[in-house]
Amino acid sequence: MRRRTVGSAAALAALALTLTACGGSDEPAGDAGGEETSTGGGETIRIGIKFDQPGLGFKDGDDYTGFDVDIARAVAEKLGYGEDQIEFVESPSKQRENLLQTGQVDMIFATYSITDERKESVAFAGPYFVAGQDLLVAADDDSISGPEDLEGKNLCSVTGSTSAQRIKDEYAAGTNLLEQPSYAECVTALTSGAVDAVTTDDIILAGLAAQPANEGKVKVVGNPFSEENYGVGLPQDNERCEDINTAITELIEDGTWQQILDDNVGVSGYQANEELNPPEVQACA
């Protein structure tokens, strides 16, 4: 990856000033201040993440932590960006496509499942993780080993999520559903005994279980019953996909991927589905 030298940059800056003073520039006012976001060597790279998912994407003051965040940092480094060149941008699920299409972010690492429908409006690199819907239960509860065991039990998920309803429709019609504004509140309901289980993607549950307040109190069942390929969301006209796939592959092969996973959710006891992880990246389309 080509990097501009300090000397040449200074020379170009001096030339630009000279042209401006002489009125020789044809560039519209304001264009010269745009940020470079080409692969490597640019001023900044804007990466969309979640701000409210402990263990995956979480903002605490000026600190950003989680599996998605650390994978994003490692990929950005391989693309030629230093830590001080990364700008993290909050990317709620419902806003991800718009953020990419309007150029507010350059890429998104935010539990962003690759689907054919989404591919109609954005592109994807990866996947960098394969998640699956699972259950979080009390640490001493051995009565629930899968969704079929929820018959007559209380299950919590986030308002608007389809995961809990899927269990009721496909596995246990007698499940009693409780909706909460956030998964953190679902875990509170679980530890207080108000519900018997919480459901969403397994790594999201592991991130919740790894939080100090929940450590040793809850566990991921470890019997996923869906497949969600988390990809790196990109604008459709991007030129980065192949480089990102190469970076992800290198992180997997050199052990960095596993270390990042262990560092962020290992304390929960969670083990990623070994049949699907580490993942194999898909060809860029």
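A short tour of the structure in this document, coming up. Source: prediction; values computed, not measured. (Residues numbered from 1 in each chain as written. Predicted model: local features only at pLDDT ≥ 70, side-chain atom pairs only at ≥ 80, totals over all residues. Heavy atoms only, no water.)

1. Concerning the nonpolar core
For step 1, the next point in the chain: Within the largest apolar cluster, 56 residues are counted, with the highest numbers of intra-cluster contacts made by Ile47 and Phe129.
For step 2, the next point in the chain: In this structure, this core is formed jointly by two domains, domain 1 (45–131 + 228–268) and domain 2 (132–220), each of which donates at least three residues.
For step 3, the next point in the chain: Residues contacting Phe129, with those up to four places away along its chain left out, are Phe67, Asp202, Ile203, Glu228, Asn229, Tyr230, Trp257, Leu261, Tyr270, Ala272, Asn277 and Pro279. (Core = buried A, V, L, I, M, F, W, Y, C linked by side-chain atoms within 4.5 Å. Buried < 20%, exposed > 50% of the residue type's maximum accessible area, 1.4 Å probe, protein only. Domains from an automatic or database assignment. Contact = heavy atoms within 4.5 Å.)

2. Some points on the environment of Thr200
For step 1, the next point in the chain: For Thr200, the position within the fold is in strand β11 (residues 197–201).
For step 2, the next point in the chain: Linking Thr200 and Thr162, residues 38 residues apart in sequence, is a C-alpha distance of 9.1 Å.
For step 3, the next point in the chain: Side-chain polar atoms of Thr200 contact the side chain of Tyr183, separated by 3.1 Å. (Helix = DSSP H or I, 4+ residues; strand = E, 2+ residues; numbered from the N terminus. Polar contact = N/O pair within 3.5 Å; in protein donor to acceptor, adjacent residues only side chain to side chain.)

3. A closer look at the pairing of strand β13 (residues 228–234)
For step 1, the next point in the chain: Most of β13 sits out of view: six of its seven residues are buried.
For step 2, the next point in the chain: Bridge count for strand β7 (residues 123–131) against β13 is six bridges, and the pairing is antiparallel. Each bridged residue has a counterpart across the sheet, and for Ala123 the counterpart in β13 is Leu234. (Pairing = 2+ DSSP bridges.)

4. Describing unusual backbone geometry
For step 1, the next point in the chain: Backbone torsion omega between Gly126 and Pro127 reads 10°, so that peptide bond is classified as cis.
For step 2, the next point in the chain: By the element assignment, Pro127 lies in strand β7.
For step 3, the next point in the chain: The step from Asn277 to Pro278 runs through a cis peptide bond, and the omega angle for that step is -10°.
For step 4, the next point in the chain: Within the secondary structure, Pro278 sits in the segment after α9 (256–265).
For step 5, the next point in the chain: Even without a glycine there, the phi angle at Thr111 is positive, about 40°.

5. Here we look at helix α8 (residues 241–253)
Side chains three or four residues apart in an α-helix point the same way, a direct result of the helix having 3.6 residues per turn.
For step 1, the next point in the chain: Across its 13 residues, α8 extends 18 Å between first and last C-alpha, which sits within 8% of the 18 Å expected from 1.5 Å per residue.
For step 2, the next point in the chain: A positive backbone phi angle near 90° is found at Gly255, which sits one or two residues after α8. (Expected span 1.5 Å × (residues − 1).)

6. With respect to the pattern of salt bridges
For step 1, the next point in the chain: Here the structure, examined in full by the defined rule, presents seven salt bridges.
For step 2, the next point in the chain: For Glu83, the salt bridge goes to Arg73, with nearest N and O atoms at 3.1 Å. Here Arg73 lies in helix α2 (residues 67–78) and Glu83 lies in the loop between α2 and β5 (86–90), a separation of ten residues in the sequence.
For step 3, the next point in the chain: Judged by its relative accessible area of 49%, Glu83 is partly exposed.
For step 4, the next point in the chain: Note that Lys78 and Glu250 form a salt bridge whose closest N and O atoms lie 3.2 Å from each other. With a gap of 172 residues between them, Lys78 in helix α2 and Glu250 in helix α8 connect regions that are remote in the sequence.
For step 5, the next point in the chain: The class for Lys78 is partly exposed, based on a relative accessible area of 31%.
For step 6, the next point in the chain: When its relative accessible area of 34% is taken as the criterion, Glu250 is described as partly exposed.
For step 7, the next point in the chain: A cluster of three or more residues bridged by salt bridges with shared partners is formed by Asp70, Arg73 and Glu83. (Salt bridge = Lys/Arg side-chain N within 4 Å of Asp/Glu carboxyl O.)

Honestly, that's just the spatial picture; any functional story needs more than this.
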